[in-house]
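# Commentary on secondary and tertiary structure
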Amino acid sequence: MVERTSLAVRDLAVHFEMEQGTVRALEGVSFDLHAGRTLGIVGESGCGKSVTARSILRIVDRPGRIVGGQALLDPGTAEEADLIAMDPESRRMRGIRGGRIGLIFQEPMTALSVHYTVGNQIIEAVRAHNDLSKAAARDRAIELLREVGIPRPELRIDAYPFQLSGGLRQRVGIAMALAGDPDIVIADEPTTALDVTTQAQVLDLLRRLQREKNIALMLITHDMGVIAEMCDEVAVMYLGRVVEYAPVADLFTTSRHPYTRALLRAVPSILATPRQRLATIGGAVPHPGARPSGCAFHPRCSDFMPGRCDAASPAPLRPGEAGASCFLEAQP
Ligand SMILES: Nc1ncnc2c1ncn2[C@@H]1O[C@H](COP(=O)(O)OP(=O)(O)OP(=O)(O)O)[C@@H](O)[C@H]1O
Ligand SMILES: [Mg+2]
């Protein structure tokens, strides 16, 4: 069964105007999010994962500017709406942010204030998106804390964030993201700051909530283990572009882009003999302000074809179609 497409991102382009010149952080990013499915976004630091998330929510930091593209809510329906065309401060966009689309940060304290109790903050988030009395919002907040697995929520609701462990804080962060009952959730490295055991618990929680609520989940991570465990489809990003898109099983068995294969080789294998040097990808990610010619990965690519890969860009991927943006693939 093909699930409803909740969000269609098309040709998203974001520039940062810096003193040293224009940094092209995103250069034509496209993908779809479907109800009840998880799209993983993976890639090395600086490839544009967070900028993609923030663009959709219209909270790109200055001096960043969205210079092109669309982010269509409910594409192809009578309600279709382009988030990129909206005023980021408008009532409508504020309603969508947190209402239709929830955001979970790597560090929950990004979303939480140290000055207020957990309860105050969730109640405020609940009331921002629902017409509820204070008492009803408090009940809803307790219910949310219970849903995210916080023990004794009727007591914990009056705690301050600093009184909670990192794991509990991230559960509160997830409760905050769910306060407006979103059908799309963007989680930006939600478990990176947690220890391994807590990480597994929070991932379990996210998976359970996603299934129960049929959420379209966009999961940003640089961890291929998280991708393997959580995702249905995967978009691999490199320097502001999606360079490979694949169902998760295919990504691990028949990855098509040399960059994806390099990322997978860099994953520590449980089968690796002890003391064997871990593979890393050779070379550093170039700064987006100094983008290599042609395919931006060519200086680091094991399959580099001189005169081809450095001369022109491979064709971009069509959204929803599995493949790699690489000259090893048949070009249109
Ligand atoms: N506030 C900013 N000012 C200037 N440039 C920025 C800013 N935020 C992002 N960029 C540019 O956009 C690029 C993409 O950044 P982004 O934060 O999306 O990377 P990321 O993939 O989320 O990396 P990480 O894995 O480290 O979180 C950066 O390499 C940087 O050049
Ligand atoms: Mg990031």
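Please read these numbers as outputs of a predicted model, since none were measured by experiment.

## So, the site of ligand 1
Close to ligand 1 lie 14 residues; Ser45, Gly46, Lys49, Ser50 and Val51 are nearest. In the environment of ligand 1, an oxygen atom lies 3.1 Å from a nitrogen or oxygen atom belonging to the backbone of Gly48. A total of 630 Å² of accessible area belongs to ligand 1 in isolation, and the protein chains cover 72% of it. Contributions of two or more residues to the shell around ligand 1 are made by strand S1 (5-18), strand S2 (21-34) and helix H1 (49-56).

## A look at the pattern of salt bridges
This structure, assessed with the given rule, holds 22 salt bridges. A salt bridge links Arg146 to Glu154; the nearest nitrogen and oxygen atoms lie 3.1 Å apart. Owing to a relative accessible area of 39%, Glu154 belongs among the partly exposed residues under this scheme. Among the ionic contacts, a cluster of salt bridges with common partners joins Arg4, Asp74, Arg100 and Asp183.

## Here we look at the sheet that holds strand S3 (residues 38-42)
Overall, mixed pairing links the seven strands, which are arranged S6-S7-S8-S3-S9-S10-S11 in an open sheet. Pairing within the sheet leaves two strands with one partner each, and these edge strands are strand S6 (101-104) and strand S11 (323-324). Sheet analysis places S3 next to strand S8 (residues 216-221), joined by five bridges and oriented parallel. Bridge pairing in S8 places Leu39 opposite Met218.

## As for unusual backbone geometry
With an omega dihedral of 0°, the bond running from Arg62 to Pro63 counts as a cis peptide bond. Along the chain, the position of Pro63 falls in the loop between H1 and strand S4 (64-73). The backbone phi angle of Asp11 is positive, close to 50°, even though this residue is not glycine. Residue position: Asp11 is located in strand S1. Unusually for a residue other than glycine, Glu189 sits at a positive phi of about 50°. Following the sequence through the fold, Glu189 ends up in the loop between strand S7 (184-188) and helix H7 (196-213). What makes Glu189 buried here is its relative accessible area of 7%.

Calculation notes
- Residues numbered from 1 in each chain as written.
- Chains lettered and ligands numbered in written order.
- Predicted model: local features only at pLDDT ≥ 70, side-chain atom pairs only at ≥ 80, totals over all residues.
- Heavy atoms only, no water.
- Near = heavy atom within 4 Å.
- Polar contact = N/O pair within 3.5 Å; in protein donor to acceptor, adjacent residues only side chain to side chain.
- Areas by Shrake-Rupley, 256 points an atom, 1.4 Å probe, with all protein chains shown as cover.
- Helix = DSSP H or I, 4+ residues; strand = E, 2+ residues; numbered from the N terminus.
- Salt bridge = Lys/Arg side-chain N within 4 Å of Asp/Glu carboxyl O.
- Buried < 20%, exposed > 50% of the residue type's maximum accessible area, 1.4 Å probe, protein only.
- Pairing = 2+ DSSP bridges.

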